[in-house]
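Listed below, chain by chain, are the residues.
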Amino acid sequence: MGALGTGVGGGVELSLYNIAQEMLRRGHSLQILAPVGSKLAQLPIIEIPGNVQIIAQSQERNTPTIMPDNSVLANMWEYARQVQTEYDLIVNFAYDWLPFYLTPFFEKAIAHFVSMGSLSVAMDEIVTQVAAKFPGTIGFYTPSQAATFALNTEYACLSSGVDLSLYKFCLHPDNYLAWLGRIAPEKALEDAVEAAQLANIPLKIMGKMQDEDYWQKICTTYPNAPIEYLGFLSTSDMQQQLRLCKALLMTPRWVEAFGNVAIEALACGVPVIAYRRGGPAEIVVDGKTGFLVEPDSVQGLVNAIANLPQINRSNCRQSAEAQYSLEALGDRFEHWFKKIISQKILL
Ligand code: UDP
């Protein structure tokens, strides 16, 4: 969808980075194919030229699949076709129709990591076909994300993980809240802004400015809200702000596939207040590591903010350590990759 390291790809950029880093640490070798301009510290990237796809979540369910001229996605898969014999496995992180369609034409096994819930009919169909033909090769973040595709064949749920050493625990927060993510309608930032205004507590907003018109509309609708936009920050800078906040608000309108920002907050000891749907509803333990609120209820968010003193921030960090470390992430993905490779050899 865009160059890695720019934030335009959302949480899957961090997941790809963490998985690649952990596989290298375990002694595997790998190459990352990504659009020109991609930058991920210390990881081996082959930059592929070409034009990027239209963002999937900005399309209608029935919009036909569109390929731009000189497509970077097609160029990547042409490159992968040429070098495939040098590798045991190809891992696809793109939420796009083409890599699924190409799967039967490749000699090498392909693992498809699907990073969002169901968004279009064409994608649903091709994912279903690949799942049926190559059982177990489709991976999701969470069961609630997988359920949006209604597959009746085997698939993997791999959750997520972060490098916990990069996120510092903070026991005594300042008096503000955080909201993290791409500034785009599916994230419903406006609900968090309204909740911060009603609760009269400042909200720090960090993330990629994906839809400037949407942001301007929020600023016009809530001119007096106590909000501050800090831009798209590096993980290190972002966690320095995040760790000091009373809670992270997660207000997605869609079925969030996972929500990497939830585990980044927990890793800092920051409780998460989220709508009870999608990935966050599987991550947050209501009343222990944050609060799960009736979806789309701003008053529910306000009530949860008032109840924050009930949360012990140590429980948040412990839940990140127990489930979302790089080691745990590596174990899950390595197991999935090995299974796919051994299945292909048996064929
Ligand atoms: N993020 C970041 N800097 C910021 C704000 C957010 O690097 O200032 C990253 C964050 O670490 C996370 C991603 O943006 O990896 C948002 O991903 P998430 O899974 O929460 O949602 P998505 O964008 O995939 O829908």
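Our structure is the block above this text.
The rules behind each value
- Residue numbers here run from 1 along each chain, matching the order of that chain's written sequence.
- Per-residue local features of the predicted model are confined to residues with pLDDT of at least 70, and side-chain atom pairs are confined, for both listing and counting, to 80 or more; whole-chain, interface and lining totals are unaffected and use all residues.
- For the side-chain quantities, the full set of heavy atoms in the structure was used; hydrogens and water were omitted.
- Think of it in three bands: residues with accessible area under 20% of the maximum for their type are buried, residues over 50% are exposed, and the middle band is partly exposed, with areas taken using a 1.4 Å probe on protein chains only.
- Going along the chain from the N terminus, every DSSP run of H or I of four or more residues is numbered as a helix, and every run of E of two or more is numbered as a strand.
- This arc describes the spread of directions from the helix axis toward the C-beta atoms.
- Working rule for contacts: check all heavy atoms of both residues, and any pair within 4.5 Å makes them a contact.
- By the criterion applied in these results, polar contacts are pairs of N or O atoms within 3.5 Å in which, for protein atoms, one can donate a hydrogen and the other can accept it, and in which residues neighboring in sequence qualify only through two side-chain atoms.
- Two strands form a pair only when DSSP identifies at least two bridges running between them.

All buried positions along helix 12 (residues 313–323) are accounted for by R313, C316, R317, S319 and A320. Taken around the axis of helix 12, the buried residues stretch over an arc of 155 degrees, which confines them to a single face. If you follow the buried residues of helix 12, they end up packed against helix 9 (260–267). Looking at where helix 12 begins, the residue whose side-chain oxygen comes 2.9 Å from the main-chain nitrogen of S314 is N312.

The subject of this paragraph is the sheet that holds strand 3 (residues 89–92). In space, the four strands of this open sheet follow the order 3-4-5-6, with parallel pairing throughout. Edge positions in the open sheet fall to strand 3 and strand 6 (156–157), since each of these has one partner strand only. Bridging between strand 4 (residues 109–113) and strand 5 (residues 138–140) involves two bridges; their strand directions are parallel. Considered in strand 5, the bridge of F113 is made with G139.

For E190, the location among the structural elements is in helix 6 (residues 189–199). Looking at E190, its side chain comes within polar contact range of the side chain of Y214, at 2.4 Å. Not counting chain neighbours up to four residues away, the residues in contact with E190 comprise Y214, I218, Y222 and R253.

All we've got here are geometric facts, nothing functional implied.
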